[in-house]
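# Structural features, examined
One letter stands for each residue in the lines below.
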Amino acid sequence: MTTQSLPSELNVAPGSIVVVRDEEWLVTAIDPSADGWLVHCQGLSELVRDTTASFYEALDTIVELDPSKAKVIADDSPGYRKARLWLEATLRKTPIPLNDPRLSVSTQMLADPLQYQHKAVRQALDPANLRPRILIADAVGLGKTLEIGMILAELVRRGRGDRILIVTPRHVLEQMQHEMWSRFALPFVRLDSAGIQRVRQQLPATRNPFTFFKRAIISVDTLKNEKYRAHLKRQHWDAVVIDESHNATNTETLVNELVTILAKNTDALILASATPHNGRPESFAQLIGMLEPTAVAADGKTIRENEAKRLIIRRHRHSPEVAAEVGADWAERKEPINRLVPASPAENAVAEELSTVWLHPTHGTSPYSGANNRLFPWTLAKAFLSSPTALLETVRERIKRLDANTPDDAREITALTSLEHLAATAEASESGKYSALVDYLKSVKVGGSSTERAVVFAERVPTLRWLKASLPKSLGLKPENVAILHGGLTDVEQQEIIDSFKQASSPIRVLVTGDVASEGVNLHSQCHELIHFDIPWSLIRIEQRNGRIDRYGQKVPPQITTLLLTPTDSKFSGDLKVLTRLLEREHEAHTALGDVASLMGKYSVKAEEDAIRDVLSGQKTLEEQVQQVDDVAGLDSIEGFLASLMRTQGARPEDAGIEPVEVVPEARLYPDDVTFLREALEEAYITPGAKESANGVEWREYPKDSIVQFIPPKDLKQRLSYLPQSYLTDRKVTELFKLATTKAKGKALLAEALRGDDHTTWPEAHFLGPLHPVLDWVSDRALSTLARNQVFAVRADVEHPTVILVGTLTNRRGHVVATAYFKAEFPNPANPEFCLVQTLESVGDAISQTGMHGTPINKGPVAGAIGLEELIAPAVRHAEATLEGVFEAATQATHDRIEAWTQRSEDWKDDASLFTQRSVVRQLTSEVTAEQRVAEAMEPTRQLVRPLVVLVPFDTPTASPTQSAFTATEGI
């Protein structure tokens, strides 16, 4: 066996069998450490089955079983069921090479086959990148969550997705967890407030929860806790996802510090944001540097565009390749309605007071006694434009902070008291904007006898509460028909409301919400009407709000309606025209760019609000603050760079010269996953259809409905405990597990669940996809049918005894770089050294050689199985000799990629040598050096050959009863 210099003599790879502490373990992954290899394993033998463990080579004696000394066991099961199950399980557990850009399991999940999403996955897996790292900067609504799920699924299949952490805003925890499990069969433990409480009950206070849960989803707010930050520094991940990653672009924030820690402690990194930067070159550069430090110039703020293009994917709704695919699954937005609403007499009185006393004071200055005389008057105006109720709370809170004994404060209190009186009168009077809202809702049939729904956005919590209290009576609804959502609610309360609104059975007809729902929350499944009760002074916020219903999966053309109060005061009304033009610019950018943030170049809601305030106060013009759509793409800036990505990445494949994504379905011995599951249960239980007490699991099949069900046994229940808690509760899967056996049925049940007809968004039967934990469970059971270092012997359509083998090439980090399959034929079994080795085209070819992909007939265990053991060592040895040439191309390709990256890093260091005194350069140099070590560890170093099965001619005699009994005993 060819093995280059290593820190030890241990030679194992994912798929190897090892013995540790006198128990057998399947190697799932290996990582280098200071003390030799860290070997991650799944238990196989009886005492450790369903157990995962990691062993340090320096602390444990890890014995790798020599493949050349494998024993041969004759399979006596009907149809060679044991051998077929064992071989199927082995192939499922053999990772796809990490650098293979072709897609596999991600195309077999419950997601529509959209090529533009597949391309995002391919780009993340691009071998040109040192590691799987990407910024998904697609515009709002394109399905970034699905792209994340696809990437994670591919990493899992490559053996590099065992430990995954997803970080999201707290209000989308439920949504992200739901998508990962229901569509991709990837269960994540949700560490929200309720989840943290469960952790505290299960673990000692000093235990790092991230070592207990291999896959967790947590909010960025929770991670701000000092205790969790300390835990993160000591934890390494296979993959980390940072959703809404623009929240980490401010380099002075705690969130940025947390993300920086995570970026250094993970192999794969996925950042996702429709607005990926805050306009500051150094912040955006740091974000890109987290993905790959050499993509940033030595000055720490200049993006090396040719390098960064590999790391960023960015398209929008109207990109040709997107528009051509989404079709009716994303109905085109209707022309927005911007309704000008005349103010009532009481509201006009408030507007006049604000205009003449505060905004455009006739006496030169406003009564405001604070330091920034320009800011607070517009705070009052913005509150009023939300509602008189919001203005009242703002005024009263300000009065509480003033001292009537101070002349300046006393003057302000007098003016505020006058405004308070007018606002109270307006609150008690009929509101023109409220009347317009009620009229509009009635016009679109929102009411007690209709299923129509609407989302009403407003910035101020007092406005939300007022709408929540008033709308039921005005619309003839019950109180539970109007729900309120804002940041003051707990994460659990927020998730319950959002989850309910998605369900057809939900009582909610109107959701009045603050901007807590403007990021990442999907509200389109039952709703296509969105009303801005007030207008955010930010293009980013307007786009985020609109994206809640204007997104992929929206079947009805979404209607965006804005209610804009128009007082009679000419100056105030003139100011508000600015907001109308802001709405118009958002719609223009939505159609042409798919990115409104680039129009102002602020990349921050607060910064945009400040800029619009300058326009309203007359210090700047709208044209100075908000660019024309056509001008953005020509900018020599971050905006121009991202706009250029929109143009090139969003083009059709034939226009951009991009080859369609190659999808390679994996070859299997079984026609589908349910057949594999059925046969595994038939092997594990005498009568799977019987009750558990009779050695069964009450297996039932409903072929016409494409559903199977069974009662999970104890060892499976343990694995299922890590599934989403709400799913376990709602569907009671530990009592009866229902599975959908086709994609069509899985999608239909998921769509039905998302309608919420039975008060839950979890499907009645979960789709049995290729990564489903149930299939992992039966695979482990199948692998345990053989004792240490054994392979099955079966009859096949061969002229001479033949051994099928698999070879793997791994790098210093334990990643599988390449795989190959061989058949070793022995024309003269009496002379085992006469061995003819042939490299097979693929795993499918290997399966075809065995003849076990159909319905083989086993007329009895083959005779002379022990004698076949003499063929194993020569087969392994000759395959090893062939392997060197087979893997030469893969080794050279990997070496070339590493050399190319190393050269880029050396060029970067040469440039950096001019700035050695700057601290940012020293930091970046350290990061580039660390990446160079990662690159060196990716050099292929080890080859391993393992026998999979021994084939003998059909006419091979059957073993005698004595031999059969002996064989059956051997296999236990």
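As a reminder, the structure under discussion sits directly above these lines.
Let me sum up the structure you'll find in this document.

Basis of the calculations
Residues numbered from 1 in each chain as written. Predicted model: local features only at pLDDT ≥ 70, side-chain atom pairs only at ≥ 80, totals over all residues. Heavy atoms only, no water. Core = buried A, V, L, I, M, F, W, Y, C linked by side-chain atoms within 4.5 Å. Buried < 20%, exposed > 50% of the residue type's maximum accessible area, 1.4 Å probe, protein only. Contact = heavy atoms within 4.5 Å. Helix = DSSP H or I, 4+ residues; strand = E, 2+ residues; numbered from the N terminus. Arc of directions from axis to C-beta. Pairing = 2+ DSSP bridges. Axes fitted to C-alpha atoms, helices over the stretch in contact; angles between N-to-C directions. Expected span 1.5 Å × (residues − 1). Bend = angle between axes of the 7 residues up to and from the residue. Phe/Tyr/Trp six-rings, centres within 6.5 Å; stacked < 30°, edge-to-face > 60°. Lys NZ or Arg CZ within 6 Å of the ring centre and 35° of its normal.

Core analysis: the biggest nonpolar cluster contains 83 residues, and Leu677, Phe710, Val803 and Leu805 have the highest contact counts within it. For Leu805, the contacting residues outside a window of four places in its chain are Ala820, Tyr821, Phe822, Ala824, Ala875, Val876, Ala879, Val945, Arg946, Pro947 and Leu948. Ranked by size, the runner-up nonpolar core spans 50 residues in total, among them Leu419, Leu564, Leu576 and Ala611.

Looking now at helix α8 (residues 226–233). All of the buried residues along α8 are Tyr228, Arg229, His231 and Leu232. Within α8, the buried residues cover an arc of 160° as seen down the axis, which keeps them to one side.

Turning to the sheet that holds strand β26 (residues 816–825), a few remarks are in order. Strands sit in the order β6-β24-β28-β25-β26-β27 across an open sheet of 6 strands; the sheet is mixed. Looking along the sheet, the strands with just one partner apiece sit at the ends: β6 (71–74) and β27 (836–840). Between one strand axis and the next, the sheet turns through 30° on average, direction left out of account. Of the pairings in the sheet, the one linking β26 to β27 comprises 5 bridges and is antiparallel in character. Its bridge partner lying in β27, Glu825 is registered against Leu836.

To continue, consider the side chain of Ser506. On the secondary structure map, Ser506 appears in the loop between α19 (491–501) and β17 (510–513). Residue classification places Ser506 among the buried residues on the basis of a relative accessible area of 3%. Other than its neighbours up to four places away in sequence, Ser506 contacts Arg453, Ser500 and Phe501.

Moving on, we get to helix α18 (residues 461–475). Under the 1.5 Å per step criterion, the end-to-end length of α18 is 21 Å for 15 residues, consistent within 8% with the ideal 21 Å. Along α18, the sharpest change in direction is near 30° and occurs at Ala469; proline Pro472 comes one to four residues later. Turning to α18, the residues buried within the fold contact α14 (375–386), α15 (388–400), α17 (432–443), β15 (454–457), β16 (482–485) and β17.

You will see that Asp22, though not glycine, has its phi angle at about 65°, which is positive. Relative to the helices and strands, Asp22 resides in the loop between β1 (17–20) and β2 (23–33).

Reading across the sheet, the 4 strands line up as β20-β21-β22-β23 and stay open at both edges, with mixed pairing between neighbours. Of all strands in the sheet, those bounded by a partner on one side alone are β20 (700–702) and β23 (766–767). Looking at chain direction, strand β21 (residues 707–710) and strand β22 (residues 737–740) are connected through 4 bridges and run antiparallel. Considered in β22, the bridge of Val708 is made with Leu739.

To continue, consider the packing of aromatic side chains. Within this structure, the stated rule accounts for 13 aromatic pairs. Arranged with centres 6.0 Å apart and planes meeting at 40°, the rings of Trp699 and Phe710 form a pair that is tilted. One end of the pair, Trp699, is in the loop between α28 (673–684) and β20; the other, Phe710, is in strand β21, with 11 residues separating them in the sequence. With a relative accessible area of 11%, Trp699 lands in the buried category. Classification of Phe710 as buried rests on a relative accessible area of 0%. Here a set of aromatic residues connected by ring pairs shows up, and it is made of Trp181, Tyr727 and Trp762. Over the aromatic face of Trp537 sits the side chain of Lys382, whose NZ or CZ is 5.1 Å from the ring centroid. Geometry around Phe533 places Lys433 over its ring, the cationic atom sitting 4.5 Å from the centre.

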